[in-house]
Amino acid sequence: MNGTETAMAAPAAAGGNCDCRCGKGVADEEAAAARRSVVPELDGAQPEMRELDETSLNGAELDGASLIAEIRGLEDEKSALAARQARLTVAFDLLQRREQADAGMPAAELGAGVGAQIALARRESPAKGGRLLGLAKALVTEMPHALAALEAGQLNEWRATQFVKETACLSAEDRTAVDEELAADTGTFDGAGDRQIIAAARAAAYRRDPRTVTQRAAHAATDRTVTLRPAPDTMCYVTALLPVSAGVAVHAALTRHADSARNNGDPRTRGQLKADALVERITGTPGGITGIEIQLVMTDRTLLQGDSEPARLPGYGIVPATWARNLLTYGGQAARARQKPEHGTGTEGGAGTAGTGTARDKDKAFNVWLRRLYTAPGTGELTALDSRARLFPPGLRRYIQARDDTCRTPYCDAPIRHFDHIIPWHRGGPTTQANGTGLCEACNHTKETTGWTVSPRPGPRHSIEVQTPTGHTYHSTAPPLPGTQLTGTQLPGTQLPGTQLTGPPPLGIAGPAADPNHHRRKLRHRLKTARRAQSAISLAA
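Residues numbered from 1 in each chain as written. Predicted model: local features only at pLDDT ≥ 70, side-chain atom pairs only at ≥ 80, totals over all residues. Heavy atoms only, no water.

Description of the nonpolar core
Then comes step 1: Ranked by size, the top nonpolar core spans 30 residues in total, and within it Leu-139, Phe-163 and Phe-189 carry the most contacts.
Then comes step 2: Ignoring anything within four residues of it in the chain, the contact list for Leu-139 reads Pro-144, Ala-146, Leu-147, Leu-150 and Val-164.
Then comes step 3: Of all hydrophobic cores here, the second largest spans nine residues; its members include Met-298, Ala-311, Tyr-316 and Leu-327. (Core = buried A, V, L, I, M, F, W, Y, C linked by side-chain atoms within 4.5 Å. Buried < 20%, exposed > 50% of the residue type's maximum accessible area, 1.4 Å probe, protein only. Contact = heavy atoms within 4.5 Å.)

Okay, structure coming up:
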């Protein structure tokens, strides 16, 4: 047996002799037996039914110790399943590499697309799939004690990830030595929180290879970046990853400005002052919008008739209708506009100029340009554009950006970086909106890997089908634009918005389960039946 076959056999040998699918025995048999004895009539029922009956009917009869025991048992099973997934992930990676090598793929490209397939199978983004693949390789091949702790429930998947992350800079031999030193499966981390585990792993890594750890810290400055992610209530988080000296200096400067303004009588809080100063110093304007194009997708009814249909802000997500109108009317200064109701607006040539009534505020006004995007009634499909060029022209790129919003690969929410032909241009694929799709850079490269195919498919809106080298297919439908009517029923020959692995249709897609009232009636009927049975048992006792 060669080295590859030995590595392939290791996962099966470690967890293949278990009778259950999780790779180990039931974590708490007493909790499972208690559950079965209390609600035997619910075995085999739908998950929603079991949840409804157990909480509303028998929850009060179960003592707290049994409930906590079952919660703990389920947590242990989740950890065991995560360990089993890690073993299967490594086995799949080795199998794919062997098949790619047999197909003549260069050694440097072996393993391409494996992380993306893992991501689709686990309903995660491609970036998360790559991290899960790396975690699985480290646990299965280099850190047997951490893997055993995960199987036994002494570590959960998140803490195992942190443990592996802190040893990422070490060689395979040093990482194995750190795993042996800490030996998580012996109870080393019992009762330890995330910070304690990270600190222990970091200290052990430094003792093994201080030079590499120091070099890693010095190299970390090259990873500095700024990211944006949504927050509730039309807010967002702008996060800057900076070297510690730069980060402390930025925060100190903003704090000094806020303290000075407060001492001069500014009524805003220190947090508000620091946030406003950050926006003004970066953009050069208090509002932070002048000179920067902001796409806002909304219906004409929301804009002109005061309709409540939400709008969509690309790069952020769904925003309330009133907030969107305030952005157009007051130039983003909604709070100031409420304090100063006098304002003037003007439109000319498809553009509107908004500002407040004072001369000072008029100097800060900016133009609001409305780009009209028409959708088909009901389905929300954008109207078509065409081009004979190989590259997508700017107008068509803006069109696809507005339609797709984020990367069209299932479960990937990364920003669009590439505008790609679904049917390649060299095979006769036209440069049209129907044959165009927005992808992030990683997903665009992945789909060019051998064995991956993408093709258009019929649907209520722009839809594509992604087929992986293993033959699994995943569907992606363009997100619904504001004003799209979603009835929850499937049109003939189409698929509902979202993604779905091929196979039996899930609940809510077809059949009687598609009717919400039918499902509720069925739940109520089964609940009444269970209650009658429970009452009969109580009377007999």
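Some details on the side chain of Thr-432
Then comes step 1: Relative to the assigned elements, Thr-432 resides in strand 10 (residues 431-432).
Then comes step 2: Among the residues examined, Thr-432 registers a relative accessible area of 14% and is labelled buried.
Then comes step 3: Here the side chain of Thr-432 touches Asn-435 through a polar contact of 3.2 Å, landing on its backbone nitrogen. (Helix = DSSP H or I, 4+ residues; strand = E, 2+ residues; numbered from the N terminus. Polar contact = N/O pair within 3.5 Å; in protein donor to acceptor, adjacent residues only side chain to side chain.)

Regarding the sheet that holds strand 12 (residues 453-457)
Sheets are built from strands that pair by backbone hydrogen bonding, the pairs being arranged parallel or antiparallel.
Then comes step 1: The sheet built from three strands is open, its strands ordered 12-13-14 with antiparallel pairing. For this open sheet the edge positions go to strand 12 and strand 14 (473-477), each flanked by a neighbour on one side alone. Direction aside, the axes of adjacent strands within the sheet are offset by 25 degrees on average.
Then comes step 2: Here five bridges tie strand 12 to strand 13 (residues 463-467), and the two strands are oriented antiparallel to one another. The partner of Thr-453 across the bridge, within strand 13, is Gln-467. (Pairing = 2+ DSSP bridges. Axes fitted to C-alpha atoms, helices over the stretch in contact; angles between N-to-C directions.)

Some words on the state of the cysteines
Then comes step 1: Under the criterion given, the structure shown has zero disulfides.
Then comes step 2: Cys-440 takes part in no disulfide bond, and the closest cysteine sulfur, belonging to Cys-443, lies 3.4 Å away.
Then comes step 3: Accessibility expressed as a relative area gives 8% for Cys-440, which makes it buried. (Disulfide = S-S within 2.5 Å.)

A word on the packing of aromatic side chains
Then comes step 1: Overall, the coordinates contain one aromatic pair when judged by the stated rule.
Then comes step 2: Taking the centre distance of 5.6 Å and the plane angle of 85 degrees together, the rings of Phe-163 and Phe-189 count as edge-to-face. In this pair, Phe-163 sits in helix 8 (residues 157-165) while Phe-189 sits in the loop between helix 9 (172-182) and helix 10 (194-208), placing the two residues 26 residues apart along the sequence. Like Phe-189, Phe-163 is buried.
Then comes step 3: The ring of Tyr-237 has Arg-229 lying over it, and the distance from NZ or CZ to the ring centre is 4.4 Å. (Phe/Tyr/Trp six-rings, centres within 6.5 Å; stacked < 30°, edge-to-face > 60°. Lys NZ or Arg CZ within 6 Å of the ring centre and 35° of its normal.)

A word on the packing of helix 10 against helix 11 (residues 210-219)
Then comes step 1: Running from N to C, helix 10 and helix 11 cross one another at 120 degrees; their axes reach a closest spacing of 5 Å. In contact with Ala-205, Tyr-206, Arg-207 and Arg-208 of helix 10, helix 11 contributes Pro-210, Val-213 and Thr-214.
Then comes step 2: By residue class, the composition of the contact of helix 10 with helix 11 is four nonpolar, one polar and two charged. (Nonpolar A, V, L, I, M, F, W, Y, C, P; charged D, E, K, R; others polar.)

Re the pairing of strand 11 (residues 436-439)
Then comes step 1: The alternating pattern of strand 11 places Gly-436 and Gly-438 and Thr-437 and Leu-439 on opposite faces, both of which are buried.
Then comes step 2: In terms of strand pairing, strand 9 (residues 418-421) meets strand 11 through four bridges, oriented antiparallel. Paired with His-421 across the strands is Gly-436, a residue of strand 11.

Topic: unusual backbone geometry
Then comes step 1: The phi dihedral of Arg-123 falls on the positive side, at around 55 degrees, and the residue is not glycine.
Then comes step 2: The class of Arg-123 is exposed, set by a relative accessible area of 63%.
Then comes step 3: Phi angles above zero are rare outside glycine, and Asp-405 is one such case at about 70 degrees.

Focus: the pattern of salt bridges
Then comes step 1: Taken as a whole and assessed by the stated rule, the structure comprises 19 salt bridges.
Then comes step 2: Residue Asp-259 is joined to Arg-270 by a salt bridge in which the shortest nitrogen-to-oxygen separation is 2.7 Å. Placement of Asp-259 in helix 12 (residues 244-263) and of Arg-270 in helix 13 (residues 270-283) is noted, with a sequence separation of eleven residues between them.
Then comes step 3: Looking at Asp-259, the relative accessible area reads 25%, which means it is partly exposed. (Salt bridge = Lys/Arg side-chain N within 4 Å of Asp/Glu carboxyl O.)

Comments concerning the environment of Asn-156
Then comes step 1: As for its placement among the helices and strands, Asn-156 is situated in the loop between helix 7 (144-152) and helix 8.
Then comes step 2: Ignoring any residue separated from it by four or fewer positions in sequence, one finds Asn-156 in contact with Glu-75, Ser-79 and Leu-150.

Points about the environment of His-472
Then comes step 1: Among the structural elements, His-472 can be located in the loop between strand 13 and strand 14.
Then comes step 2: Considering only alpha carbons, one finds His-472 and Gln-117, 355 residues apart in sequence, at a separation of 9.1 Å.
Then comes step 3: In terms of polar contacts, His-472 uses its side chain to reach the side chain of Thr-470, at 2.8 Å.

Thoughts on a nonpolar patch on the surface
Then comes step 1: A grouping of Val-226, Leu-228 and Val-238 is seen on the molecular surface, where their side chains present a nonpolar patch of about 300 Å² in accessible area.
Then comes step 2: Within the secondary structure, Leu-228 is located in strand 1 (residues 225-231). (Patch = residues over 30% accessible without salt bridge, like charges linked within 9 Å, V, L, I, M, F, W, Y side chains within 5 Å. Areas by Shrake-Rupley, 256 points an atom, 1.4 Å probe, with all protein chains shown as cover.)

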